[in-house]
Amino acid sequence: MYLAIILIPLLGSIFSGMFGRKLGAQGSQFITTFGLIFTCLLSFTAFYEVGLNHSPVSVDLFSWIDSEYFLVSWGFTFDSLTVSMLIPIVFISSLVHMYSISYMGGDPHTQRFFSYLSAFTFCMLLLVCGDNLLVLFVGWEGVGVCSYLLISFWFTRIAATKSAIQAIVTNKVGDWGMSIALFAIIFVFGNLDYSSIFSLAPYINTDILTFISLCILIGVMAKSAQLGLHAWLPTAMEGPTPVSALIHSATMVTAGIFLMIRTSPLLEYSSTALIVITCLGSLSAFVFASIGLVQNDLKRIIAYSTASQLGYLGAVCGLSQYNIAFYHIINHAFFKALLFLAAGSVIHAMADEQDVRRMGGLAKLLPFTFVVMFIAALSNIAFPFLSGFYSKEIIILSGYSQYSFHGSFAYWMTTFAALFTSIYTTRLLYLTFFSIPNGPRNNYENTHEAPFFMAIPLGILAILSVVFGYLSKDLFIGIGTDFFANALFIHPNHIIIVDAEFALPLFIKLLPSILTICGFIGTLLFYEFVPNILVEIKLSKFGRMLYTFLNQKYFFDLVYSRLIGLVLNIGYMTHKVIDRGTLELIGPTGLTNLFNNTSKNIASLDSGYIPNLALYIILSVITLTGAILYLDDARLLLIFISTLFLLNSRHFTTKTNSPLFY
Amino acid sequence: MLLLGIITLVMTIPLASTYLSTILIHRIAFLVLLFSGLLTYNTLYVTPLSSGIGILGGLFQTTLLSHSLEIFILILGSIILLITPSDEKIKDLNKTTTNMFNYWDNLVSNSVKKFLPIVKNNTQLIDYPLIVLFTTLGMISLISSSDLIIMFLSIETQSFALYILATMNRNSESAVAAGLKYFLLGGLSSCFILLGSSLIYSYTGLTNFESLNILQSVIGQSFEENSYNYLAIGTLILTIGLLFKIGAAPLHSWAPDVYDGVPTIVTTWLTIMPKLSILIFFIMNNFLIDSNLLMISALLSLLLGSITGLAQYKIKRLLAYSTISHVGLILLALSYDTINGLESTLFYITQYSITSLNIFLILILLGNTLDKNSITSIYSPIQYISQLRGKFYYNPALSIAFSLSLFSMSGIPPLIGFFGKYFVINTALMNGNYFLSLVIVITSVISTVYYLQIIKTLFLPDTNNNTISISGSNNLSPILVYIVAILTLFIIFFMIYPTPILNSIHMIATTQYYC
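Definitions and cut-offs
Each chain has its residues counted from 1, running along the sequence as written. Going through the entries in the order they are written, you letter the chains from A and number the ligands from 1. pLDDT decides what is reported in this predicted model: residues at 70 or higher carry local features, side-chain atom pairs at 80 or more are listed and counted, and totals for whole chains, interfaces and linings draw on all residues regardless. Note: side-chain values were computed over all heavy atoms of the structure, leaving out hydrogens and water. UniProt positions are given in the numbering used here, feature names are shortened, and annotations may be inferred rather than shown by experiment. Runs of E in the DSSP output that reach at least two residues are strands. Runs of H or I that reach at least four are helices, and both are numbered from the N terminus. Each residue gets one of three labels from its accessible area relative to the maximum for its type: buried under 20%, exposed over 50%, partly exposed in between, using a 1.4 Å probe on protein chains only. Residue contacts are counted whenever heavy atoms from the two residues lie within 4.5 Å of one another. Only the protein chains shown count as cover for residues, and the accessible areas themselves come from Shrake-Rupley with a 1.4 Å probe. By buried area we mean how much accessible surface two parts lose on assembly, using a 1.4 Å probe and totalling the loss over both. Within this document, salt bridges are pairs made up of a side-chain nitrogen of Lys or Arg and a carboxyl oxygen of Asp or Glu, the two lying within 4 Å of each other. Polar contact criterion, stated in full: a pair of N or O atoms within 3.5 Å, where within protein one must be able to donate a hydrogen and the other to accept it, and residues adjacent in sequence count only if both atoms are side-chain atoms. Note that Gly is not counted as nonpolar here; it falls among the polar residues with everything else outside the nonpolar set of Ala, Val, Leu, Ile, Met, Phe, Trp, Tyr, Cys and Pro and the charged set of Asp, Glu, Lys and Arg. Within this analysis, patches are made of residues with over 30% relative accessible area and no salt bridge. Like charges are joined at 9 Å or less; nonpolar side chains (Val, Leu, Ile, Met, Phe, Trp, Tyr) at 5 Å or less.

As recorded by an unreviewed UniProt entry, chain B carries the name NADH-ubiquinone oxidoreductase chain 2 and is attributed to Entomortierella parvispora. The Sequence similarities (unreviewed entry) field of the UniProt record for chain B holds the comment "Belongs to the complex I subunit 2 family." Recorded under Subcellular location (unreviewed entry), the UniProt text for chain B is reproduced unchanged: "Membrane".

Looking at an unreviewed UniProt entry, chain A carries the name NADH-ubiquinone oxidoreductase chain 5, with the source organism given as Entomortierella parvispora. The UniProt entry for chain A carries the following text under Catalytic activity (unreviewed entry): "a ubiquinone + NADH + 5 H(+)(in) = a ubiquinol + NAD(+) + 4 H(+)(out)". Among the UniProt annotations of chain A, the heading Sequence similarities (unreviewed entry) holds the following wording: "Belongs to the complex I subunit 5 family."

### Overview of the overall build of chain A
When helices and strands are counted, chain A shows 29 helices and two strands. For chain A, with 662 residues in total, the buried portion stands at 58%. Long-range contacts, defined here as pairs at least 24 residues apart, represent 81% of the contacts in chain A between residues at least 6 apart. Entry remark: accessible area of chain A is about 27,700 Å², with carbon and sulfur atoms responsible for 69%.

### Describing the interface of chain B and chain A
Accessible area lost upon the coming together of the parts serves often as the stated size of an interface. If you look at the interface, chain B gives 35 residues, while chain A gives 30 residues. Of the roughly 3,100 Å² buried between chain B and chain A, counting both surfaces, carbon and sulfur atoms make up 81%. Viewed at the interface, chain A and chain B are joined by zero salt bridges. Viewed at the interface, chain A and chain B are joined by zero residue pairs in polar contact (both at pLDDT 80 or more). If one sorts the elements of the side of chain B that touches chain A by residue count, helix 13 (residues 291–308) of chain B sits on top with nine residues. By residue class, the composition of the side of chain B that touches chain A is 23 nonpolar, seven polar and five charged.

### What about a nonpolar patch on the surface?
Residues and elements named next belong to chain A. A grouping of L7, L11, I14, F15, M18, F19 and L23 is seen on the molecular surface, where their side chains present a nonpolar patch of about 640 Å² in accessible area. No other element matches helix 1 (residues 2–18), which puts five residues into the nonpolar patch. If you trace the backbone, L7 turns up in helix 1. The exposure class of L7 is partly exposed, given its relative accessible area of 41%.

Have a look at this one:
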């Protein structure tokens, strides 16, 4: 059963990818979707068996690398972390499959799309279930590739291919960090098994652990779009909307966070790395939330929201609260997938219009979509008692309860990020659904509510976005819960959950919620009654500068493109001067020319004129005899041979054109 | 024993040639070779053979080594002999021309006859099998010779037969020139051999190798300086003369000219057989050799063979240079007086002869597919590498076999040539000769360049259509194709079941050293 969870998506992918032509669009839709639903049921069973009944399973398939003391096997382990991670992955994946049946129905490449989706799910499962870092790395690379394929699914659009290339290149930077981390781990621990690494971690030098952790962090930064390597995530929205929902919000981007949770026994022993992670995470949360304030593309706003939420996750991992991070992963997966799917539904209804400024007034036209999107948005801004509230609140509070500089930094950053989140989400809602209609008339005349297959996932996710947080809070982060057992490790010095829940001052504890609600109501009021003030603020000198600054995403892209342009120029120079110039001349070309010339020189000695040949033979006999009998030093012989290369035939060949001897 | 059998059979042929058809003579010669191979095989298991038997009062000395290699030579010879009659047979079937005596003529289609009217009355070409038998006799007696005089006589038997063989095609200017060149320069080298032998004799008064061996081992220990030198000079000059015969490096200059000039069938014979016998003679009497000389010669052969080959545009010249570099490898393996050296030499000789034979057979077969109007010479239709252009599209199987043999020559791993090279390098490394092993590796790379050029040419699309398209490929002689198939499969699949060959070579080498 456990292997079936991993294999069924693969089989579905192979069937619809290889035999899509035979199966037809509907056949491959059916096979992949049904396979995913079945996998989903299996993983619920797995969750029950492993998670709730505390009976971890490990499956060792066969040996992969067997080189002296370095052994890597194809093994999978299913502990409570893995099976809980299966829930969002497989569940959302199956919902997205179902949604795509309708959303991608008219596409001529349906089979390919479903094949990619299932392949992605398979890679993600590989990543989650592996019992050593190499299997994880295979899945890691696999999701990167699938992400590339899915972003550039509409490969005729230049923007899509561009952003796909950006995504894979940025991910390669992360993979570079990851592979260095893997090499370092092999070097230090001699193995890649989780069990060996984690049991040895306490005895390893902290500096080495810090190095490894920072390398892992580079991988995490790329995959989970932390500040610095984030640029690919917003542009990845060029892909189809279900892809954005599945990959770029719910599952793949959490792979990095999952890796941090998985390697918690390593990270915990390196306080430096933890501080770096906290600061980076909270900064990302703040920066992306502020960028989200001024974006105009519907999906891009949600993308920045995702990036900001990932910042939260990073921050809380840095604060050692891995169970909270994990809890937020699941909640976030539900409401963010819902947000994307609902946004997809809106875009679908509005004839693929994505700019929020050209929407408005859709609440009456799309009531169902409006309701689910409203729920998702409220959950996203952590409106009290919705899913997002439970996890996000505790993340922000755990920052303060660390009682350290970086803890407070994280607290304030995330608090303001929460305010921004509430503002941009409300702005999104308002512009899309409440404001006066701004779009072309045609779009409004053709609006239609989501069809059946699109509505089911929306409904299910909406319910989960409301209740899941409340239902599972005690399971995942309740005080004293033993749900995760040994699956993750929190150093006893870092346990702060009690402080976060009970020991904070009332003001601090309530501030995020108050700011969130203020932001929500304030934005609504501003947009409804005094929108001119916003325009004036924007048009003032300072406002214009700020707007440009935020709208241009802190000029990250500009800096990167300058920097990369510089590097590429240097590369071109070295290529031109060193590679194709000096090395080429000394290396391949030079050698080829040398040998060819020598060959021609020697060949021109073969005049075919018999007296010449005879003379030559007698000379060589004399040389050989002399060399053997009277030449003691072999080096002289080398000199003799090297003259062969230097000798220029022009000086002593006689051209004989005798008709008899040619 | 078998030598007598060969001689009598050889004698019958000139008597009978007037009323026997050429094809019959070829068949008889083929059977003679095969039968003498069988005879040799029969006596292979005679018990005292392992320690060596002296025949004819110690003039000949046969051991297990010489015997098994005789079998090898005889079989190879018979295969090469198969080429011509079967060709003729095909032509007979196709045309039913009646002029049976003039079988060279039958090779030629009517269109070419117009250009070469003198080809007729060329009856002396009928002696081809006879001459081949003579050189085989020379080779076999050389292998088991155990006396300076016998050695010289058998070398001359072999060489004179080869000179005649080279000039076999009297009407070709290039063949005659090549034969003459071969004859004159070969005479020069025979002088050296004779000079060496007489120096040895004048100093020691001995002609028997066994006595020489004993003497050398005695004086080698006691007198270091003055007395040893004459014997050393003698053997040195003798060896140089022999090196000329196998076309090793500084004395190689005749080889490309001669190989290029003579008909392809004769080239096949020339590149493989005489080398084989002399190399085996070296193995049998390795006390004669100065290993320094062999190493220098090997080094030069490797360098010259691989580098000079780059500039060649005629295929047989190129193959001649490739032969030179392979001879270098064999000499290198030979220069180590250890059991490993012997084993790698034997293995290299075996695999090289087989691969080389395969290449020439394919070359002849490919030559048959050429349009008779466009070629310049009928006996060696393929002269330039560029003539091979696009052959892949007309005869894929043959071209693939050709490329595989060339790959094997350059030492690409799963093929047999790789193992040959591997053993040689292994021996060189085991004896601590790092410089030479490096040279082997580098020259292998360089020589791969020209092999790959041939292969590239084979697979390039044909621009000027000078091939008889599909029907030409059906015109191939079935038995030759069969042999090519067997040899190619042997080259490919040696890796899967190498035990019989490696084991027998190991056994032969062991008897040479420990019995």
